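Each chain, letter by letter, is given below.
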Amino acid sequence: MLFGVTGSGKTEVYLRAIATCLAQQRGALVMVPEIALTPQVVARFRARFGDALAVLHSGLSDADRHAMWSSLRRGDVRVAIGARSALFAPVPDLGLIIVDEEHDGSFKQEEGVRYHARDMALLRAQRAGAVCVLGSATPSLESVALVRRGKLTELRLPERAHREASLPDVQLVDLRKFGAGPTGDKLISLPLHRAIEQALAAKDQIILFLNRRGFAPSVVCDACGTVETCAQCSVALTYHRGRFRLPPPAPRAGLDDLPRPKSPPQRAPKLARGETAELPGLLSAMTPSPAATHGPPRPRIPVSPPASGAHDARSPHSPHSPHSLEEDTVLRGGRLRCHYCDYSGPLPERCSTCNAPALVLEGLGTERLEALIAESFPEARVGRLDRDVAGADKTEAILASMRSGEIDILVGTQMVTKGHDLPSVTLVGVVNADAALSIPDFRAAERGFQLLVQVAGRAGRRDRPGKVLIQTRNPGHPAVSFAAAHDVEGFLTRELADREEVGYPPFARLALIRVDAPDEQVARDAIGKLAAQARTSPEGLARRVDVLGPSAAPIAKLRGRFRFRVLLRAAERGPLRAAVAAVMAVKDDVDRSVRVVIDIDPVAML
Ligand SMILES: [Zn+2]
Ligand SMILES: [Zn+2]
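Overview of the structure.

Conventions adopted
Residues numbered from 1 in each chain as written. Chains lettered and ligands numbered in written order. Predicted model: local features only at pLDDT ≥ 70, side-chain atom pairs only at ≥ 80, totals over all residues. Heavy atoms only, no water. Pairing = 2+ DSSP bridges. Helix = DSSP H or I, 4+ residues; strand = E, 2+ residues; numbered from the N terminus. Axes fitted to C-alpha atoms, helices over the stretch in contact; angles between N-to-C directions. Contact = heavy atoms within 4.5 Å. Buried < 20%, exposed > 50% of the residue type's maximum accessible area, 1.4 Å probe, protein only. Polar contact = N/O pair within 3.5 Å; in protein donor to acceptor, adjacent residues only side chain to side chain. Donors = N, O, S within 2.8 Å, 3.2 Å for Na, K, Ca; no water. Tetrahedral: all angles 85-135°; square planar, octahedral: opposite > 155°, others 65-115°.

**A short note on the sheet that holds strand β24 (residues 561-570)**
Read from one edge of the open sheet, four strands run β23-β24-β22-β25, paired in antiparallel fashion. Bordering the open sheet on either side are β23 (545-558) and β25 (595-600), each of which pairs with just one other strand. Ignoring which end each strand starts from, the neighbouring axes of this sheet average 20° apart. On the sheet, helix α18 (residues 573-586) packs against β22 (509-517), β23, β24 and β25 and is oriented at approximately 20° with respect to β22.

**Some remarks on helix α10 (residues 366-376)**
Of all 11 residues in α10, 10 are buried; the element is thus mostly enclosed. Three or more residues of α10 are buried, namely T366, E367, R368, L369, E370, A371, L372, I373, A374 and E375.

**Remarks on the side chain of Q205**
Within the element layout of this structure, Q205 appears in strand β11 (residues 205-209). Within the local environment of Q205, its side chain forms a polar contact with the backbone oxygen of I407, the two atoms lying 2.8 Å apart. Not counting residues up to four positions away in its chain, the partners in contact with Q205 are M402, G405, I407, D408, S424, V425, T426 and L427.

**Notes on the coordination of the zinc ion (ligand 1)**
Working reference: metal with six octahedral donors, ideal angles 90 or 180 degrees; metal with four tetrahedral donors, ideal angle 109.5 degrees. At 2.3 Å from the zinc ion (ligand 1) lie its protein donor atoms, namely C221 (SG), C224 (SG), C351 (SG) and C354 (SG). In this structure, the zinc ion (ligand 1) is coordinated by four donor atoms arranged in tetrahedral fashion, with angles at the metal of 106 to 112°. Overall, the relative accessible area of 34% leaves C354 in the partly exposed class.

**Points about the sheet that holds strand β19 (residues 409-412)**
The sheet built from six strands is open, its strands ordered β10-β21-β20-β11-β19-β18 with parallel pairing. Each of the sheet's edge strands pairs with one partner strand only, and the pair in question is β10 (169-174) and β18 (382-385). Taking the axes of each pair of neighbouring strands and ignoring which way they run, one obtains an average angle of 20° across the sheet. Direction of pairing for strand β20 (residues 425-430) relative to strand β21 (residues 467-472): parallel, over a ladder of four bridges. Bridging across to β21, V430 finds its partner in I470. Running at roughly 160° to β21, helix α6 (residues 190-201) makes contact with β10, β11, β19, β20 and β21 of the sheet.

Next up, the structure:
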């Protein structure tokens, strides 16, 4: 295991290890997360190994893939780089396997034959008599446990490669104490606003990280509190303003390759806090909604046209220009989308439950953050990088604009956190660190921590000192406090102790049994049957295997199918395997409409 801080030069270690391997007439295989397989990374390998490199990615045609595999098999090419499926590449006389960012969840194949490419890489290397290197700045607890049990050797790169480049200064912004900055949105606190101003004044670049796509993560009825959900899935629908655009300003040289021209700042939707409360008489008579009575006030945008006279009543109190017809047009032009199925529909005018015309957009997504930032910092050039704007080549175009200094502020999801070398970024703002920590998954803290360390690692490389602002309502959370202190070791020790105490991996083995069916009762009956089978198996009766559940899955309904699950847990692999076999034996006895999935060592728990 190669444990190196961000910017410590892990890639250089890989390149030299591969060169040594080639000098011994053996082949090498490099696996990276799909999202990190960028032209920039490939170029670095190609610069060293020239044409003797096979690049395997999901966009390859069958013919290209076949050609690559053939040249590997013939021994014409001895180095392969690719995402998860590159694991199976026929590299001749394999001497080295590198798994970069080994902690990344995308190494787990979740469809069809389920496997974890990291585990398989260790196995393949062992069988081939090859060396396997697992590299990360934030190693997975599984790999750390293997180190502590003496199964892996740990190598460290404790410092950044450029001696003068120190780790960034991380500052926590407690959102319970700081109110909204000048934008009026609580998620752009005054300290973050000031830090952005300072970085812009110094002509430095800024990354704002927000792990929520779309404009507003939910649409809520202000009258009854109903959150608009997908008809097929038990998840909130996200409002996307989408590609609909007001006429763009005159094109700016060099920005033409950006997929989305900016709309003029003064026309961006108004985002004043507490806006809905000022609609006279319309809302004050209504029962307070759960969303309105709990938690801090959040910025909301009314969906329905305001009552007549509302403009005059509101504008003197508003820090921004009054609501205009154009803004309603902007909202109407968008769509509600489900991030779990293909549903996309128009924004309704009325609540689906109580029919009140009181729907409001709630929360902050990357689209809206981009609009807010563009409005608040009209002199800055703002870009956005998330799955909605980024096809394969557009990602690179956006990053190229960032590298050449044509973008001042880049707003994005975790696509901005992956290994891109952006040397002029001195400020990274984590807009809402809590979002990742509240996911109902025993790995939520580990993933949240990894994300924070990766995103903080974008700030201040080479000779420029960096600054990271992490906004949170939970500054005492270990994932937040250890990330702020750059204390990876401390987090790992603490999280390992927690996992050991509650008996979760890497101190236990898990098998997730999940069923789904169009009929809720049929699915419930099926999981009951499978759980009973596990409980009455010899391993279940002898308590060598714990049977947890059954319960509804955290996402209880997906694509029109109701989902339930049972978790099997055992200290050892043997009893777990026997209990799973007992369940497998009856899995065809359930109703034919039921789909049964058995996932050993599950990564996706939702
Ligand atoms: Zn309602
Ligand atoms: Zn859906």
